[in-house]
Amino acid sequence: LTCAAEPAKMPKIGQYRNYGKTFKKPRRPFEKERLDGELKLVGEYGLRNKRELWRVQMVLSKIRNAARSLLQCDEDDPKRLFEGQALMRR
């Protein structure tokens, strides 16, 4: 129950979110060796579809990329020590 003197308020719209990509499709969609390998992995680990496989591959590639960039820093660099330990815990 609102008072007649108080104007009605419009509902607030939340902030737009720019989510990152969760998977990356392969560059060549019909490469026989890759398709066979993916099917084998999907069956071996009981994944629902190829997208789940691509998602895990993308996460691993991001971790490897972060590790490569940390290896370029000096050994006693505080960023390398801190982020390297965090990367190893993942």
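That block above? That's the structure.
**So, the overall build of the protein**
Secondary structure summary: the protein contains three helices and zero strands in total. Scanning the protein from its N terminus toward the C terminus, one meets helices and strands in the order α-α-α. For the protein, whose C-alpha radius of gyration is 23 Å, the value lies well above the compact-globule estimate of 12 Å for 90 residues. When its C-alpha atoms are laid out on the principal axes, the protein stretches across 70 × 45 × 25 Å. The buried share of the protein, reckoned over its 90 residues, is 10%. Counting every atom, the protein has about 9,100 Å² of accessible surface; 56% of that belongs to carbon and sulfur. Of note, the protein has its 22 positive side-chain charges centred 8 Å away from the centre of its 12 negative side-chain charges.

**Points about the pattern of salt bridges**
By the definition in use, this model includes four salt bridges. Across the salt bridge formed by Glu-38 and Arg-34, the nearest N and O atoms sit 2.9 Å from each other. Of this pair, Glu-38 and Arg-34 are both found in helix α1 (residues 32-45), four residues apart, which corresponds to roughly one turn of the helix. We note that Glu-38, like Arg-34, is buried. For Glu-52, the salt bridge identified is with Arg-48, shortest N-O distance 3.3 Å. You can call Glu-52 buried: its relative accessible area is 16%.

**Some points on the packing of α1 against helix α2 (residues 50-71)**
At a minimum axis distance of 10 Å, the contact between α1 and α2 shows a crossing angle of 95°. It follows from the interaxial angle that α1 and α2 lie roughly perpendicular. Contacts from Leu-35, Glu-38, Leu-39, Leu-41 and Val-42 in α1 reach Lys-50, Leu-53 and Trp-54 in α2. Class assignment for the residues of the contact of α1 with α2 results in six nonpolar, no polar and two charged.

**Examining the side chain of Glu-38**
Accessibility expressed as a relative area gives 5% for Glu-38, which makes it buried. Setting aside chain neighbours within four positions, we find Glu-38 in contact with Pro-26, Lys-50, Leu-53 and Trp-54.

Reading guide: rules and limits
- Residues numbered from 1 in each chain as written.
- Predicted model: local features only at pLDDT ≥ 70, side-chain atom pairs only at ≥ 80, totals over all residues.
- Heavy atoms only, no water.
- Helix = DSSP H or I, 4+ residues; strand = E, 2+ residues; numbered from the N terminus.
- Rg over C-alpha atoms; globule rule 2.2 N^0.38 Å.
- Buried < 20%, exposed > 50% of the residue type's maximum accessible area, 1.4 Å probe, protein only.
- Areas by Shrake-Rupley, 256 points an atom, 1.4 Å probe, with all protein chains shown as cover.
- Lys, Arg positive; Asp, Glu negative; His and termini not counted.
- Charge placed at Lys NZ, Arg CZ, Asp CG, Glu CD.
- Salt bridge = Lys/Arg side-chain N within 4 Å of Asp/Glu carboxyl O.
- Axes fitted to C-alpha atoms, helices over the stretch in contact; angles between N-to-C directions.
- Parallel < 35°, antiparallel > 145°, perpendicular 65-115°, else oblique.
- Contact = heavy atoms within 4.5 Å.
- Nonpolar A, V, L, I, M, F, W, Y, C, P; charged D, E, K, R; others polar.

Everything listed is a geometric property; what it means functionally is a separate question.
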